[in-house]
Amino acid sequence: MASGRGGEAAPGERPAPKRITADYLRRAALYYLERYSVPAAQLQRVLLRKVERSCRHHGQDPQAFRTTVEEIVASCVASGLVDDRRFAEARAQSLRRKGRSARAVAAGLAAKGVGRELVAETVAVDEGVELEAARVAAKRKRLGPWSRGDRSEQRQKHIAALARAGFSLAIARAVIDDAGEGG
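First, a word on what this report is: a plain description of the structure on this page. (Residues numbered from 1 in each chain as written. Predicted model: local features only at pLDDT ≥ 70, side-chain atom pairs only at ≥ 80, totals over all residues. Heavy atoms only, no water.)

Section: the packing of aromatic side chains
At step 1: Within this structure, the stated rule accounts for one aromatic pair.
At step 2: Here the aromatic rings of Tyr 32 and Tyr 36 are separated by 4.9 Å at their centres, their planes lie at 45°, and the arrangement is tilted. (Phe/Tyr/Trp six-rings, centres within 6.5 Å; stacked < 30°, edge-to-face > 60°.)

Now the structure itself:
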């Protein structure tokens, strides 16, 4: 990595990572948590990426910092800065408002590192909520009652699009065959 004058990175290049210390990792965690609400697993992944990048550049062993990262994440959880339940509930509500199915919400939470039990609690399938989310998805994608052109020709494609989005066949049919009363 070639650097420009004064040790700064050349244009288009990332600057060299700082040496990892416990204080640096603590400040990095707090700065990250100022900007994002994340579960503990996501914070740990972010900090471990920082450690990996710095250690690779400075020739250090990243395993030496694993316990430090775990302690920092544990202290953030203990202080209430990181709360997996609060994150999961807020994220699930946000995704449902955007028209995501219960399956898609569960997959999204699992990808962020939320535990299975908490995902199962947070994404309890309620027919009314699922139906409303399917209506929002159909409206956003202009399916069924919100489509342009001949609806009868596109019916199967629209049902399939909702099914691929994770909605059950019964809910997909109900939304596509709906005259638009719900939304």
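Re the side chain of Ser 147
At step 1: Residue placement: Ser 147 occurs in the loop between α7 (127-141) and α8 (151-164).
At step 2: Setting aside residues no more than four positions away along its own chain, Ser 147 makes contact with Arg 142 and His 158. (Helix = DSSP H or I, 4+ residues; strand = E, 2+ residues; numbered from the N terminus. Contact = heavy atoms within 4.5 Å.)

Some remarks on α8
At step 1: Compared with an ideal rise of 1.5 Å per residue, which puts 14 residues at 20 Å, α8 spans 19 Å between its outermost C-alpha atoms and is within 8% of the ideal.
At step 2: The axis of α8 is deflected most strongly, by about 30°, at Lys 157.
At step 3: Listed in full, the buried residues belonging to α8 are His 158, Ile 159, Ala 161 and Leu 162.
At step 4: The elements touched by buried residues of α8 are α7 and α9 (169-177).
At step 5: Directly beyond the C-terminal end of α8, a positive phi value near 105° is found at Gly 166. (Expected span 1.5 Å × (residues − 1). Bend = angle between axes of the 7 residues up to and from the residue. Buried < 20%, exposed > 50% of the residue type's maximum accessible area, 1.4 Å probe, protein only.)

Here we look at the nonpolar core
At step 1: Counting residues in hydrophobic clusters, the biggest one holds 20 residues, and the most contacted among them are Leu 25, Leu 43, Leu 47 and Val 51.
At step 2: Among the elements of the structure, α1 (22-35), α2 (40-58) and α3 (66-79) are those that each provide at least two residues to this core.
At step 3: In this view, Leu 25 contacts Ile 20, Leu 47, Val 51, Thr 68, Val 69 and Ile 72; residues no more than four positions away in its chain are not counted.
At step 4: Core analysis: the next-biggest nonpolar cluster, separate from the first, contains 14 residues, Ala 133, Trp 146, Ala 161 and Leu 162 among them. (Core = buried A, V, L, I, M, F, W, Y, C linked by side-chain atoms within 4.5 Å.)

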